[in-house]
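# Close look at the chain arrangement
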Amino acid sequence: MNLRFGLLGPVELHRNGRPVPLGTPKQRALLTALLLEPNRVVSIDRLVTAVWDAEPPRFAVANVRTYVNRLRGTIGDGDRLTARQPGYVLAVRDGELDVTEFADALRQGRRSLSAGRPDAALRQLSTALTRWRGAPAEDVPRSAALGPRLDALTEQRCLALEAMAEARLMLGEHADAVAELRETVAAHPTRERLWGALMLALYRTGDAAAAIAAYGQARAFLAEELGVDPGPELAGLHRGILNRDPALRADPQAPAPAAVTAVIPAPGRLVGRERELKEVVAAIGAGPPRPVAVHGPAGVGKSALARHAVRTAAPGFPGGVHHVDLRVLPRPGPYETLARLLGRLGLADDEIAADLDDALHQLRTATAARHALVLLDNVTGEEQVRPLLAGCPDCRFVVTSRRMLAALDDVEHLPLAPLADDAAYDLLTRLCGRDRVDRAQAGRVARLCDNLPLALEIAGKRLAARREWTPEAFADMLAGEEHRLDLLTCGDLSVRAAIDLDYQALRRSGGTAGDGALALFHRLGERGLADCGPAAAAGLLGSDRRTASAALGRLADLRLMEPLAPGHYRMNGLTRLYAREIAPTT
């Protein structure tokens, strides 16, 4: 017997190619609850809450058993829906459920995009999106139990649309992207990444005025629907368009971008970092000028801490506070970083020397006796900043990076770790309200977010925006590993995107250790492993322990794993999920 189940639109069942009537809304709700967890036991209690949104009737359990028996007859294969303590399990095979096919194609598309193959990504993402026929389970009443899980599917569709827009931009299909994105942002007007993709596509087709108008529309929608302003990424893109920043051109070989006047971006909330903030501010103002380098894993809040610190210390620097985010530079080498900084100091593009040494002389001249403070954000390697740190004695530098920049001389290194439990609770309650979440619920959400400020900020903002979600229901959603990274995305904030920066650095690293680290990261992802030591790594790689140790060291350098003890490394939970998602299929 050939069966085909569908949730991505009205709930449907086809048997041997023919549609099968599914009965009452409660019967469809029961099938939806079972299909959202295929091949897993769904307890009777959860089925009751899925079928009855309000207080269930007195004989709800007996009614669920009646619905199950009817559903068995509807399916026509009694072995598919079986009782198993404490509830029921619906067996679904490969190729029978549109949700699974969509998720598989979306995962392949993301892998291709991360691997720099936008043509393959576009095909795979298009295949994923063809599975959708409408809103998920749109003919089923939205109960408190089903609603958040169906919303998670909608979130995945939005992520697929964003990824497809990114693939089109990478391929240079800007005109096609404009037509597609106008329709998409009309359907999802609060998705900042979609607005950003539309603005960039319009700008690259030569219609800067339309790109600026699109930003105004995005700002109006966000204010009306969410009561917020556009995030820093969308606002930064708007500034770049206004200044016709060459970095926005489609040609990746375009010259380094012209400098754009900027201030230190507003750092937002800083919770649970009082001690670290005092340390950074004290290090900035202490003794003879020494660079201060803050390092830690993706999403731990390095940039926010550094921005708060330099703003706090700003009154002591009459030469001003200047910010260069290396992440937005197309080729963030030492000269490009220096050129951007000289632009911040007022030099026009055509006034900046073409030679690194001459440009360093210009920097020394521009800052002589001015006592300036410079934040170099998102540094990936010592070579990017060494000439600046060594060649400008009248500047005080603060540097943020994923890994410890150990090869730099005479630097104050300050590591940053995930938040303590009390601070994680304070951050969540500040974002979504102390009356909405108790400590137990907050602790569960925080653990699923690895106590990382970025993940917690996203979780808090999503709870604040979705008042119909209880913290308990949101924690249940996060507990499903297949959706956790999707849920930890809000506007231009994304845990997946933050980890992807480290993965891209791993792919570019090369050499024996780099190649081994990339292979090991994939092997760990394939197996869903978080803990590893040299012996286990050697087994996974089929190599000697020395090669395996070098691979583990490279992953630790890139903060994709953390050393816990000699010979013991661990990925945090979110990185493990990313590794599983990005691992090549065999």
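Relevant structure appears above.
Before going into details, it helps to say that this report is about the structure given with it. (Residues numbered from 1 in each chain as written. Predicted model: local features only at pLDDT ≥ 70, side-chain atom pairs only at ≥ 80, totals over all residues. Heavy atoms only, no water.)

## Quick look at a positive patch on the surface
On the surface, a cluster of positive charge is made up of Arg117, Arg123, Arg507 and Arg508. When you line up the elements, arginine 508 lands in helix 21 (residues 495–509). Of the residues examined, arginine 508 reaches a relative accessible area of 60% and is grouped as exposed. (Patch = residues over 30% accessible without salt bridge, like charges linked within 9 Å, V, L, I, M, F, W, Y side chains within 5 Å. Areas by Shrake-Rupley, 256 points an atom, 1.4 Å probe, with all protein chains shown as cover. Salt bridge = Lys/Arg side-chain N within 4 Å of Asp/Glu carboxyl O. Lys, Arg positive; Asp, Glu negative; His and termini not counted. Charge placed at Lys NZ, Arg CZ, Asp CG, Glu CD. Helix = DSSP H or I, 4+ residues; strand = E, 2+ residues; numbered from the N terminus. Buried < 20%, exposed > 50% of the residue type's maximum accessible area, 1.4 Å probe, protein only.)

## Description of the side chain of arginine 168
Mapped onto the elements of the fold, arginine 168 is located in helix 6 (residues 146–171). Once residues within four sequence positions are removed from consideration, arginine 168 is found in contact with Leu122, Glu173, Asp176, Ala177 and Glu180. (Contact = heavy atoms within 4.5 Å.)

## Here's the deal with the environment of proline 566
Take proline 566: it is sitting in the loop between strand 15 (562–565) and strand 16 (568–570). In the structure, proline 566 is positioned 402 residues away from methionine 164 in sequence and 43 Å away in space, judged by C-alpha atoms.

## A few points about the packing of aromatic side chains
Aromatic rings considered in pairs are described by the distance between their centres and by the relative angle of their planes. Taken as a whole, this structure holds seven aromatic pairs when the rule is applied. A ring pair is formed by tyrosine 503 and phenylalanine 521, whose centres lie 5.8 Å apart and whose planes are at 35°; its orientation type is tilted. Of this pair, tyrosine 503 sits in helix 21 while phenylalanine 521 sits in helix 22 (residues 511–527), and the two are 18 residues apart along the sequence. Like tyrosine 503, the residue phenylalanine 521 is buried in the burial classification. Aromatic pair tyrosine 503 and tyrosine 578: ring centres 5.7 Å apart, planes at 65°, arrangement edge-to-face. Pair noted here: tyrosine 503 is in helix 21 and tyrosine 578 is in helix 25 (residues 573–582), with a separation of 75 residues, a long-range link. Classification of tyrosine 578 by relative accessible area gives buried; the value is 1%. What links up through ring pairs into an aromatic cluster is the set Tyr503, Phe521 and Tyr578. Positioned above the aromatic ring of tryptophan 132, the side-chain terminus of arginine 157 is 5.7 Å from the ring centre. (Phe/Tyr/Trp six-rings, centres within 6.5 Å; stacked < 30°, edge-to-face > 60°. Lys NZ or Arg CZ within 6 Å of the ring centre and 35° of its normal.)

## Some details on the sheet that holds strand 4 (residues 42–43)
Strand order in the open sheet formed by three strands is 4-6-5, with antiparallel pairing between adjacent strands. Looking at which strands have only one partner, the edges of the open sheet turn out to be strand 4 and strand 5 (81–84). Judged from the two bridges that link them, strand 4 and strand 6 (residues 87–90) form a sheet pairing that is antiparallel. Within the sheet, the bridge partner assigned to valine 42 lies in strand 6 and is tyrosine 88. With respect to the sheet, helix 1 (residues 25–35) is in contact with strand 4, strand 5 and strand 6, its orientation differing from that of strand 6 by roughly 75°. (Pairing = 2+ DSSP bridges. Axes fitted to C-alpha atoms, helices over the stretch in contact; angles between N-to-C directions.)

## Some thoughts on the environment of tyrosine 569
In this structure, tyrosine 569 sits in strand 16. Tyrosine 569 sits 399 residues away from methionine 170 along the chain, and the two C-alpha atoms are 35 Å apart.

## Description of empty space enclosed by the protein
Per the counting criterion, the structure on display carries two cavities of 30 Å³ or more. The computed volume of the largest cavity comes to approximately 100 Å³. Around the largest cavity sit 14 residues that line it, and Ala298, Leu452, Ile499, Asn572 and Thr575 are the ones nearest its centre. Listing elements by their share of the lining of the largest cavity, those giving two or more residues are helix 18 (453–465) and helix 21. If you tally residues by element for the lining of the largest cavity, the top one is helix 21, at four residues. For the lining of the largest cavity, the residue count by class is nine nonpolar, three polar and two charged. (1 Å grid on protein atoms, 1.4 Å probe; cavity = no way out; pocket = protein on both sides within 12 Å on 5 of 7 lines; lining within 4 Å. Points joined across faces, edges and corners; volume = space filled by probe spheres on them. Nonpolar A, V, L, I, M, F, W, Y, C, P; charged D, E, K, R; others polar.)

## Describing unusual backbone geometry
In this model, glutamine 85 is joined to proline 86 through a cis peptide bond whose omega is 5°. Mapped onto the fold, proline 86 is located in the loop between strand 5 and strand 6. For aspartate 410, which is not a glycine, the phi torsion comes out positive at approximately 55°. Relative to the helices and strands, aspartate 410 is located in the loop between strand 10 (395–401) and strand 11 (412–415). Located in the positive-phi region is arginine 559, a residue other than glycine, with phi close to 65°. Inspection of the secondary structure assignment puts arginine 559 in the loop between helix 24 (545–557) and strand 15.

## Here's the deal with the sheet that holds strand 2 (residues 12–15)
The three strands are arranged 1-2-3 in an open sheet whose pairing can be described as antiparallel. The sheet terminates laterally at strand 1 (3–6) and strand 3 (18–19), the two strands that pair on one side only. Both strand 1 and strand 2 contribute to a ladder of four bridges, which runs antiparallel. Across the sheet, residue glycine 6 finds its bridge partner in strand 2, namely glutamate 12. In this fold helix 3 (residues 60–75) packs onto strand 1 and strand 2, with an angle of close to 45° to the strand it touches most, strand 2.

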